[in-house]
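The primary structure of each chain is shown beneath.
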Amino acid sequence: MPLSHLNPEQFAAASAPFGHNLIIASAGTGKTSTIVARIAHLLSSGVEASKILLLTFTNKAAAEMLSRLAKKFDKSVISSVSAGTFHATAYALLRANGFDITLKQPGELKLLLKSIVGQRKFHHISDIGAFSAAYLYELYSFFQNTGGDDFEEWFRAKNGEQSVYSAIYADILREFEEEKKRFGYADFNDLLLYLKRALKEGDIAQEFTEILVDEYQDTNLLQSSLIDAFGAKSLFCVGDYDQSIYAFNGADISIIGSFKERYKDAKIYALNTNYRSSQNILKLANRVIAINPRLYEKELKVGREGAFSQPRLLVYDDLFAQYKGIAQIISSLKVPSDEIAVIFRNNSSADGVEIALKELGIASRRKGSGSFFESREIKALISLVSLLLNGKDIMAFIDVAQYFKGLGEAKSKQIFELLSQCGAGDAIAGLLRPDQKAIITHKRRKNYELGLFDDELSVSENLPASIKNHKIASFLSTEGGEFLSDLLYFLKALKGVKDASACLGLIIASPIYEKIATAIAHKKSVRKDKSIDESQKELTKERIIHRARSLESIAKNYKDLSAFYNFLSLSDSQMSAGSGVSLLSVHASKGLEFEAVFVIDLAQNRFPNIRLSSGAGGIEEERRLFYVAVTRAKNELFLSYAKYDKNGKISYEPSQFLKEAGFKIEKE
């Protein structure tokens, strides 16, 4: 009997009568096993495999469920079950029914929309900057996911001063839809909209006896309406309202919350026995999440026996002391590194842990945000260190030069080659101590457009004084001269500095790194209307310097700059791939489990993130994020926060979630 391995709750759900069934599957309660058992029950009951549709949020999840079923049923039967994401299923059904669709990625369609936006004028209505085509596309996609009918009306209600352009935006999107239709283009939302329309108009007569929906709490209104458009005899929807954490992406918790009202014959089943976490961890998770409104009755029970440690609260005086302390604890745990996760709400929280783990020689892998060592500001910092040590590092030279106006890869490479000719193959030596007897050659290309090398006589007069008499001065543009002037000042200022910490401090304070930080901050602070948000630019620049200071703290352990550079240069390959401790955003941790979990930076304004909690999900969604984070832990749970950030000079109060969890926080 395929259902013989189930517990009573799972069995009741998997064998439920046809109709509209909602299964509340709390964290670690065997959701996947129940869905697999339900399909097995349908097949054993005589339902044709081709009449079963399984909708998941990843194709990987669908493949895993089908592979389990293939162990009990003939592969020819399982291959007839329709399974996959909403978009993959819609695309397959549309193509199978003769719809000629060319699926295009969002990036491609943004270019099409940009070509339309570029033909419109906005300034005659208002001096307010208009949204970029890329942002308008994202906004339109969100509107579609929320099931709206009138974009112009929806836009006016949600976008304040931009509403003066609502009619223009609506007309742009009308033309955009016409162009897509003319070329037969479709994006992911279009697949669902086309299928929904085809089902309602009878252009596709696709009947399913039962539709199963995984992660039902994450569905949006467009997906929900598509499910209804199929008109299936039976629904089997599995989800947990306490794990609804995608409101920012259009997910609507009211869909799972209104199930009983929308389907009059609805039956609700609950999976309450948790086989993942210890009793102590579940007790903490239940205490906090119970503060949120209860959409359906449920109470997590422990399905494991044994003695387990209590969740531990770790309090540190300083932010970086927290990260180093956590790394030290991880190094002492008798747990495989692949079974350890550090979970964070804000990407910046992972930087310090990543560095601290690396310092102890502990491998890690990062998901849900970019590696600290792969960020542009840290790469530039490493490149400056490299140029102090190795004048032949052309990639470091190009990496630094790219942040200066008018210099790209090709122009930077040409400057490097000219300097190398002055320094017997060493560009930095060629800049500092050019060989006056060296023969400098540069082959100009035919039809070369002036850019790097402007008119030799006129440009020399515009070069900085420090570069004006250099051997390659006659080859330089004004921009190239300014870059080399800054680089020359930088190299002379750090000449002879071998102490790693002192060197890092001087690099971070140098004019050349200040320009790099400004350039990165500028790019990250472009508003939707293409103007610059100056306050955001300053804040971003502060964060960049804060990140750089994190490396300066580690550099104190290295007296020799070369040894420190070896530590830095090995980081890219070792920190972001392969095995090791998992560094995860809360969203990236969903669906995973680990022997030991650290939830870090549980300070008010960091987790919960007050700024983000003011959006669609509010503080209740922040609480659900906390619930998801702690229920990733099987045996050991560590919660931590720091009272102070020395670099940012910011004091922190403990997260309200720690108090809700029952921890007694002593006041200073």
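Residues numbered from 1 in each chain as written. Predicted model: local features only at pLDDT ≥ 70, side-chain atom pairs only at ≥ 80, totals over all residues. Heavy atoms only, no water.

- An unreviewed UniProt entry annotates the protein chain as DNA 3'-5' helicase originating from Campylobacter magnus.
- Under the heading Sequence similarities (unreviewed entry), UniProt records this for the protein chain: "Belongs to the helicase family. UvrD subfamily." (UniProt positions renumbered as here; feature names shortened; annotations may be inferred.)

**Section: the sheet that holds strand S12 (residues 340–344)**
Turning to step 1, where the next piece is worked out: The 6 strands are arranged S11-S16-S15-S12-S14-S13 in an open sheet whose pairing can be described as parallel. Only two strands of the sheet have a single partner each, and these edge strands are strand S11 (312–316) and strand S13 (364–367). Strand-to-strand, the axes of this sheet are offset by a mean angle of 20°, without reference to chain direction.
Turning to step 2, where the next piece is worked out: Relative to strand S16 (residues 633–642), strand S15 (residues 594–599) runs parallel, the two sharing 5 bridges. Note that in S16 the partner of Val599 across the bridge is Leu639. (Pairing = 2+ DSSP bridges. Helix = DSSP H or I, 4+ residues; strand = E, 2+ residues; numbered from the N terminus. Axes fitted to C-alpha atoms, helices over the stretch in contact; angles between N-to-C directions.)

**Focus: the sheet that holds strand S2 (residues 52–56)**
Consider a sheet: its strands pair through backbone hydrogen bonds, and that pairing is either parallel or antiparallel.
Turning to step 1, where the next piece is worked out: Pairing within the open sheet is parallel, and its 6 strands lie in the order S3-S2-S6-S7-S1-S8. Only two strands of the sheet have a single partner each, and these edge strands are strand S3 (82–85) and strand S8 (267–271). Each adjacent strand pair in this sheet contributes to an overall mean axis angle of 15°, direction not counted.
Turning to step 2, where the next piece is worked out: Examined bridge by bridge, S2 and strand S6 (residues 210–213) share 4 bridges and lie parallel to one another. In the sheet register, Leu53 faces S6, and the bridge partner there is Ile211.
Turning to step 3, where the next piece is worked out: The sheet contacts of helix H2 (residues 31–44) involve strand S1 (20–25), S2, S6, strand S7 (234–239) and S8, and relative to S6 the element is tilted by about 170°. (Contact = heavy atoms within 4.5 Å.)

**Description of the environment of Glu210**
Turning to step 1, where the next piece is worked out: With respect to the secondary-structure elements, Glu210 resides in strand S6.
Turning to step 2, where the next piece is worked out: Along the chain, Glu210 and Ser234 lie 24 residues apart, while their C-alpha atoms are 4.5 Å from each other.
Turning to step 3, where the next piece is worked out: Other than its neighbours up to four places away in sequence, Glu210 contacts Phe18, Arg38, Leu42, Lys51, Ile52, Leu53, Ser234 and Phe236.
Turning to step 4, where the next piece is worked out: One polar contact links Glu210 to Ser234, side chain to side chain, over a distance of 2.6 Å. (Polar contact = N/O pair within 3.5 Å; in protein donor to acceptor, adjacent residues only side chain to side chain.)

**As for empty space enclosed by the protein**
Turning to step 1, where the next piece is worked out: Tallied over the full model, the rule gives 1 cavity of 30 Å³ or more.
Turning to step 2, where the next piece is worked out: By volume, the largest cavity is sized at about 30 Å³.
Turning to step 3, where the next piece is worked out: Every residue lining the largest cavity is listed: Leu53, Leu55, Phe86, Thr89, Ala90, Leu195, Leu226 and Phe230.
Turning to step 4, where the next piece is worked out: Only S2, helix H5 (86–96) and helix H11 (221–230) provide two or more residues apiece to the lining of the largest cavity.
Turning to step 5, where the next piece is worked out: Looking at the lining of the largest cavity residue by residue, the classes come out as 7 nonpolar, 1 polar and no charged. (1 Å grid on protein atoms, 1.4 Å probe; cavity = no way out; pocket = protein on both sides within 12 Å on 5 of 7 lines; lining within 4 Å. Points joined across faces, edges and corners; volume = space filled by probe spheres on them. Nonpolar A, V, L, I, M, F, W, Y, C, P; charged D, E, K, R; others polar.)

**Quick notes on the packing of H2 against helix H3 (residues 59–69)**
Turning to step 1, where the next piece is worked out: Contact geometry for H2 and H3: axes closest at 10 Å, N-to-C directions at 55°. Considered as vectors, H2 and H3 are oriented oblique to each other. H2 and H3 meet at a crossing whose hand is right-handed. From H2, Thr32, Ser33, Ile35, Val36, Ile39 and Ala40 reach across to H3, where they touch Glu64, Met65, Arg68 and Leu69.
Turning to step 2, where the next piece is worked out: Broken down by class, the residue content of the contact of H2 with H3 amounts to 6 nonpolar, 2 polar and 2 charged. (Parallel < 35°, antiparallel > 145°, perpendicular 65-115°, else oblique. Left-handed = near helix turned anticlockwise from the far one by under 90°.)

**Overview of the UniProt feature "domain: UvrD-like helicase ATP-binding" (unreviewed entry) in the protein chain**
Turning to step 1, where the next piece is worked out: When the UniProt feature table is mapped onto this chain, "domain: UvrD-like helicase ATP-binding" (unreviewed entry) is found at residues 4–278.
Turning to step 2, where the next piece is worked out: Within residues 4–278, the helical portion is 47% and the strand portion 13%, while the C-alpha atoms at the span's ends are 25 Å from each other.

**Considerations on the packing of aromatic side chains**
Turning to step 1, where the next piece is worked out: Counted according to the given criterion, the structure contains 30 aromatic pairs.
Turning to step 2, where the next piece is worked out: Aromatic pair Phe320 and Tyr323: ring centres 6.1 Å apart, planes at 85°, arrangement edge-to-face. In this pair, Phe320 and Tyr323 both sit in helix H15 (residues 319–332), 3 residues apart, roughly one turn of the helix.
Turning to step 3, where the next piece is worked out: For Phe320, a relative accessible area of 14% puts it in the buried group.
Turning to step 4, where the next piece is worked out: Three or more aromatic residues link up through ring pairs in this structure, and these residues are Phe122, Phe131, Tyr135, Tyr140, Phe142, Phe143, Phe151, Trp154, Phe155, Tyr165 and Tyr169.
Turning to step 5, where the next piece is worked out: Here Lys233 stacks its cationic end above the ring of Phe18, 5.9 Å away from the centre of that ring. (Phe/Tyr/Trp six-rings, centres within 6.5 Å; stacked < 30°, edge-to-face > 60°. Buried < 20%, exposed > 50% of the residue type's maximum accessible area, 1.4 Å probe, protein only. Lys NZ or Arg CZ within 6 Å of the ring centre and 35° of its normal.)

**Some words on H3**
Turning to step 1, where the next piece is worked out: Among the residues of H3, Ala61, Ala62, Met65, Leu66 and Leu69 are the ones counted as buried. Take H3 and look down its axis: the buried residues cluster within an arc of 130°, on one side only.
Turning to step 2, where the next piece is worked out: Packed against the buried residues of H3 are H2, S2, helix H4 (75–78) and S3. (Arc of directions from axis to C-beta.)

**Remarks on the pairing of S16**
Turning to step 1, where the next piece is worked out: Buried residues dominate S16, accounting for 9 of its 10 residues.
Turning to step 2, where the next piece is worked out: Examined bridge by bridge, S11 and S16 share 5 bridges and lie parallel to one another. Following the sheet pairing, Val315 is matched in S16 by Tyr641.

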